[in-house]
Amino acid sequence: MTNYYLGQQVELVEERLGWVGIWAHDAGEVSIGYFPNADHAWDAVTKLIQRDLAVRGLLDVVNEWLEASTIRNDEYVMIVDSLMQFVLT
């Protein structure tokens, strides 16, 4: 079953081991599973999408700071790394 959340395509698929949430991310397909039911798979994927969109917005600000020399390159790298870890946790 294919749905949309915040403009992002999400597919929920029942497999032998349980439900899998599949997100059509810009960088490629992201699969998250196995969950006991479709609701749990949906919740996991939508939380990941929320984090990803929040980080994308923050990265725009951080890029502006770098371009305006508000932060140094090493600070930029640390901030980007921290934001990416937030999405993945």
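Computed from a predicted model, the values in this text were never measured in an experiment.

**Points about the overall build of the chain**
Here comes step 1: From N to C terminus, the chain includes 2 helices and 4 strands.
Here comes step 2: Listing the helices and strands of the chain from first to last along the sequence gives β-β-β-β-α-α.
Here comes step 3: In terms of C-alpha radius of gyration, the chain reaches 16 Å, well past the compact-globule figure of 12 Å for 89 residues.
Here comes step 4: For the chain, the proportion of its 89 residues judged to be buried stands at 28%.
Here comes step 5: Pairs at least 24 residues apart make up 35% of the contacts formed inside the chain by residues separated by at least 6 positions.

**A word on the side chain of His-25**
Here comes step 1: Structurally, His-25 can be placed in strand S3 (residues 18-25).
Here comes step 2: Within the structure, His-25 has its side chain in polar contact with the side chain of Arg-56 (distance 3.2 Å).
Here comes step 3: Setting aside residues up to four positions removed in sequence, His-25 forms contacts with Val-30, Asp-52 and Arg-56.

**Regarding the pairing of strand S4 (residues 28-35)**
Here comes step 1: Bridge count for S3 against S4 is 7 bridges, and the pairing is antiparallel. Across the sheet, residue Ile-22 finds its bridge partner in S4, namely Ser-31.
Here comes step 2: Between S3 and S4, which follow one another and run antiparallel, lie 2 residues.

**A look at helix H1 (residues 38-67)**
Here comes step 1: The terminal C-alpha atoms of H1, which comprises 30 residues, lie 43 Å apart, in line with the 44 Å expected from a rise of 1.5 Å per residue.
Here comes step 2: Among the residues of H1, those classed as buried are Ala-38, Ala-41, Val-45, Thr-46, Leu-48, Ile-49, Asp-52, Val-55, Leu-59 and Val-62.
Here comes step 3: One side-chain oxygen of the residue at the start of H1 lies 3.1 Å from the amide nitrogen of Asp-39, identifying that residue as Asn-37.
Here comes step 4: Once H1 ends, the next one or two residues include Ser-69, with phi positive near 60 degrees.

Conventions we followed
Residues numbered from 1 in each chain as written. Predicted model: local features only at pLDDT ≥ 70, side-chain atom pairs only at ≥ 80, totals over all residues. Heavy atoms only, no water. Helix = DSSP H or I, 4+ residues; strand = E, 2+ residues; numbered from the N terminus. Rg over C-alpha atoms; globule rule 2.2 N^0.38 Å. Buried < 20%, exposed > 50% of the residue type's maximum accessible area, 1.4 Å probe, protein only. Contact = heavy atoms within 4.5 Å. Polar contact = N/O pair within 3.5 Å; in protein donor to acceptor, adjacent residues only side chain to side chain. Pairing = 2+ DSSP bridges. Expected span 1.5 Å × (residues − 1).

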